[in-house]
Number of protein chains: 2
Amino acid sequence: MNAPDPLNFAARRALPEAMLEALRQRFGDRCSTALAVREQHGRDESPIDMPPPDAVLFAESEDEVCFVLALASEHRVPVIPYGVGSSLEGHLLAVQGGLSLDVSRLNRILSINAEDLTVTVQPGVTRQQLNNEIRHQGLFFPIDPGADASLGGMAATRASGTNAVRYGTMRENVLGLAVVTACGERVRTGSRARKSSAGYDLTRLFVGSEGTLGVITELTLRLYPLPEAVSAAVCFFPSIDAAVQATIQIIQMGVPIARCELLDAHAIRAVNAHDKLGLREAPMLLMEFHGSPAGVAEQAQTVQEIARDCGGEDFDWATTPEARSRLWTARHHAYLSALQTRPGCRCVTTDTCVPISRLAQSINESVCEVEEAGIPYFIVGHVGDGNFHLGYLIDPLQPAERETAERLSAQMVARAIRLGGTCTGEHGIGLHKQAFLIEEAGEPAVAMMRSLKAALDPLNIMNPGKIFSGPR
Amino acid sequence: MNAPDPLNFAARRALPEAMLEALRQRFGDRCSTALAVREQHGRDESPIDMPPPDAVLFAESEDEVCFVLALASEHRVPVIPYGVGSSLEGHLLAVQGGLSLDVSRLNRILSINAEDLTVTVQPGVTRQQLNNEIRHQGLFFPIDPGADASLGGMAATRASGTNAVRYGTMRENVLGLAVVTACGERVRTGSRARKSSAGYDLTRLFVGSEGTLGVITELTLRLYPLPEAVSAAVCFFPSIDAAVQATIQIIQMGVPIARCELLDAHAIRAVNAHDKLGLREAPMLLMEFHGSPAGVAEQAQTVQEIARDCGGEDFDWATTPEARSRLWTARHHAYLSALQTRPGCRCVTTDTCVPISRLAQSINESVCEVEEAGIPYFIVGHVGDGNFHLGYLIDPLQPAERETAERLSAQMVARAIRLGGTCTGEHGIGLHKQAFLIEEAGEPAVAMMRSLKAALDPLNIMNPGKIFSGPR
């Protein structure tokens, strides 16, 4: 992959014996230096390889997080918060060595306020755990990035996924946080009020900060009533263009569609094989509607008319929970299914998001380029938001393929930025997209981010080398 | 009113002659030191009195803003961005002297992207100007704080208002900004993409920063399709409790109500007199529904059933635009109407927001206190969000009344914070609520805000003395 800034490695800061001793004394075998544990904490779902952290600490309370951060400050040792390890851009990699701070055991749901549609959780709670817990109260938390990620990690990467077109992303659905700062102090941001004008929006500053400003130890989230009626449908289109045109019209009409996903013919071929489905291998929209029975019926009719006008065919409904679940499981398997279409391959995944009017151009030009390069690929997209993923399936033994994929990816990102979009809709910057961030935001904006980082973490111990490579 | 930190005055920094000369040379009579102009720029809608700024500069381009900020940095002179002057908490007051930077002439709509439902505007564009411009394209911008505020000012104070329950606040509806920093550098935040995980959320940091971090010179906003059908209704309740209970159930059922406003009997008596209406003088919900004709009908039916269960009576519909407009005009006149019920009075307005389950308690206890104190008052509230305003109508010639109102207000804020809410739902901190901010957020959070301020504005020239009183 793109080599991260070599400065990071020059600055590798080993964990001193005195700190290790202090950790062992307080935490016993919850402080581990076993290679297997370190290696498991030294990678995420990105294809970047890196030496693991020097130690892993399993925290079980916020007080322990404060203790660890104060100690790390004293010794100037990097701390990398770790949830379940499902991030995609190298966020968890110990580029400067240091301590992986595993918060997955902070996994209690602290309070559910059904009347207010809010919940307060610890950062290690996963989204499925939360939804299992609140379902019987008629509530759900909509943010669904595919993986069963931890909610702390989802906040840290500003995650979104299939439901964002209707319910927003983590940005819109985190009401408040408790964070532990680099020096080990607890700060509470936000409240349980739905809105506030009280000072700087510290909550939104931490959402998407990728562990570089502090450790999230508590989250207050918005919940939603489970919709009375849910219906899913698939529809096939003669071209990606046609599917995107239909999507644009759906959004413009103000249809409150809950999910609007594009799969291209390659993705469908893969999920057909993996999940034993018989879907037509053509650009497909997979949609879901939430509301009252009449509301869902009305949305469905509007969308059916739009789809037909755009050349859509074989509109097919899945109204039972089982049928819906089958389709969404297949959608969530797309990545895994695609990997299996080329044995031994690895996937270079992209994640641009553009204004929806530019989506067809953005996808089509990217497809032309990858077709010309001859690398197998697939496309899935949260197209209602203008966000799509193109996966290049490369042979890791052929360095030329990886180079080509990286070149194509860079071209796609440059195009997204040119079209008024962003280099990452939901995966984050991590290690892999630092140059793209500068291209997108410009040097002055990145300099501003650096100065915020320096203000809150002057010793640069919080997940150093991510988003940008240290102070300039 | 509460005396702001006296340190602010000690630190009054006069505008040096050399800087004034440089401004006059470049801007001619667009740089004014006339007392009338300075006084007009030295107050907002708050009841706080303060000496005016030393000069007023009418900027006409972003380049001019850059020039002014660079110059002010050089001379270490405070700069206070000014839109239309409708803020409520002393945001615009020149507590340290300096220059009022009027951006109201930066009032062009730069581009409308109907397909993407986005618009890019200059900061002096007002919300009504924008809506008049986009209506013929079938679009609208929902944020409605009552006043015809400038969009730059609305972003700076994180404004919201009547439509927030459905469409969110400025926090959710600003996609990106251009800002000029304290040293006169242009920084762009965000993009036109609906979502992004690209680095720190600078956009949200500037939204709600009250002019203390830089000057907003461009905003990209989300737009919405004008709903196919709109319907408004009023319903009267035996108590505030009953009206709030109905609201809670409406929100919990997931009814996508567009506006849900409470007026108490005092507010209704005032608007009846001012707008010659014959509304029943009892706690009233004023609601609006947006959607398809069938969707609106369905929402209305659900809400009617809930209201009836809660003791609501005289449900009355306003389906014509004229009838709706009459009701909403009356709602927007509530403040003015209330002032006229006690000739010569001034209004001390409060703005707490609590989790909705605590709203009835929050209002009822505040009402008990003000009834006991014997000060005339009225209540209006964006109750779907848990946000309400209680206005104390005081005789400015009776200092004891002002003191009582301030005491009652402080009790109400303390209660809101105790109940998990915020000291300000939409008005901001400004000068008046700095102590409340500390009470709500805690010293560590406010210290974090101060360090962000120091990082982006090390000379403390951007609207100094607001939100918090200078660095500690």
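Structure: see above.
One structure accompanies this document, and this report is about it. In this text the structure is predicted, and so the values were computed from the model without any measurement. (Residues numbered from 1 in each chain as written. Chains lettered and ligands numbered in written order. Predicted model: local features only at pLDDT ≥ 70, side-chain atom pairs only at ≥ 80, totals over all residues. Heavy atoms only, no water.)

## Some thoughts on the environment of Cys353(B)
Step number 1: If you trace the backbone, Cys353(B) turns up in strand S17 (residues 352–353).
Step number 2: Residue class for Cys353(B) comes out buried when judged on its relative accessible area of 0%.
Step number 3: Sequence spacing of Cys353(B) and Val56(B) is 297 residues, and the spatial spacing of their C-alpha atoms is 35 Å.
Step number 4: Leave out the neighbours within four places in its chain, and Cys353(B) touches Ala193(A), Arg194(A), Lys195(A), Asp385(B), Gly386(B), Asn387(B), Gly421(B), Thr422(B) and Gly425(B). (Helix = DSSP H or I, 4+ residues; strand = E, 2+ residues; numbered from the N terminus. Buried < 20%, exposed > 50% of the residue type's maximum accessible area, 1.4 Å probe, protein only. Contact = heavy atoms within 4.5 Å.)

## Considerations on the pattern of salt bridges
Step number 1: By the definition in use, this model includes 47 salt bridges over all chains.
Step number 2: For Arg194(A), the salt bridge identified is with Asp385(B), shortest N-O distance 3.3 Å. In this pair, Arg194(A) sits in the loop between strand S9 (186–190) and helix H9 (202–206) while Asp385(B) sits in the loop between strand S18 (377–382) and strand S19 (387–394), so the two residues belong to two different chains.
Step number 3: Residue classification places Arg194(A) among the buried positions, given a relative accessible area of 18%.
Step number 4: Residue Asp385(B) is classed as buried on the basis of its relative accessible area of 4%.
Step number 5: Residue Lys453(A) is joined to Asp457(A) by a salt bridge in which the shortest nitrogen-to-oxygen separation is 2.7 Å. The same class applies to Lys453(A) and to Asp457(A), which are both buried. (Salt bridge = Lys/Arg side-chain N within 4 Å of Asp/Glu carboxyl O.)

## So, the pairing of strand S3 (residues 79–82) of chain B
Within a regular strand, side chains alternate between the sheet's two faces.
All names here are of chain B.
Step number 1: On S3, burial covers both faces: Val79 and Pro81 on one face and Ile80 and Tyr82 on the other are all buried.
Step number 2: As paired elements, S3 and strand S4 (residues 99–102) share four bridges and run parallel to each other. The partner of Ile80 across the bridge, within S4, is Ser100. (Pairing = 2+ DSSP bridges.)

## Regarding the interface of chain A and chain B
Step number 1: With 81 residues of chain A at the contact, the number on the chain B side is 82 residues.
Step number 2: Carbon and sulfur atoms make up 56% of the surface buried where chain A meets chain B, a total of about 6,500 Å² over both sides.
Step number 3: Three residues stand out in chain A for area buried against chain B, namely Lys195(A), Ser197(A) and Tyr200(A), and they jointly supply 15% of the buried area on that side.
Step number 4: Inspection of the region where chain A meets chain B yields six salt bridges.
Step number 5: Salt-bridge contacts for Glu426(B) lead to Lys195(A); the nearest nitrogen and oxygen are separated by 3.2 Å.
Step number 6: The interface formed by chain A and chain B holds 40 residue pairs in polar contact (both at pLDDT 80 or more) in total.
Step number 7: Per-element accounting of the side of chain A that touches chain B gives the leading share, nine residues, to helix H18 (residues 443–456) of chain A.
Step number 8: Across the side of chain A that touches chain B, the residue classes tally to 33 nonpolar, 28 polar and 20 charged. (Buried area = accessible area lost by both parts, 1.4 Å probe. Polar contact = N/O pair within 3.5 Å; in protein donor to acceptor, adjacent residues only side chain to side chain. Nonpolar A, V, L, I, M, F, W, Y, C, P; charged D, E, K, R; others polar.)

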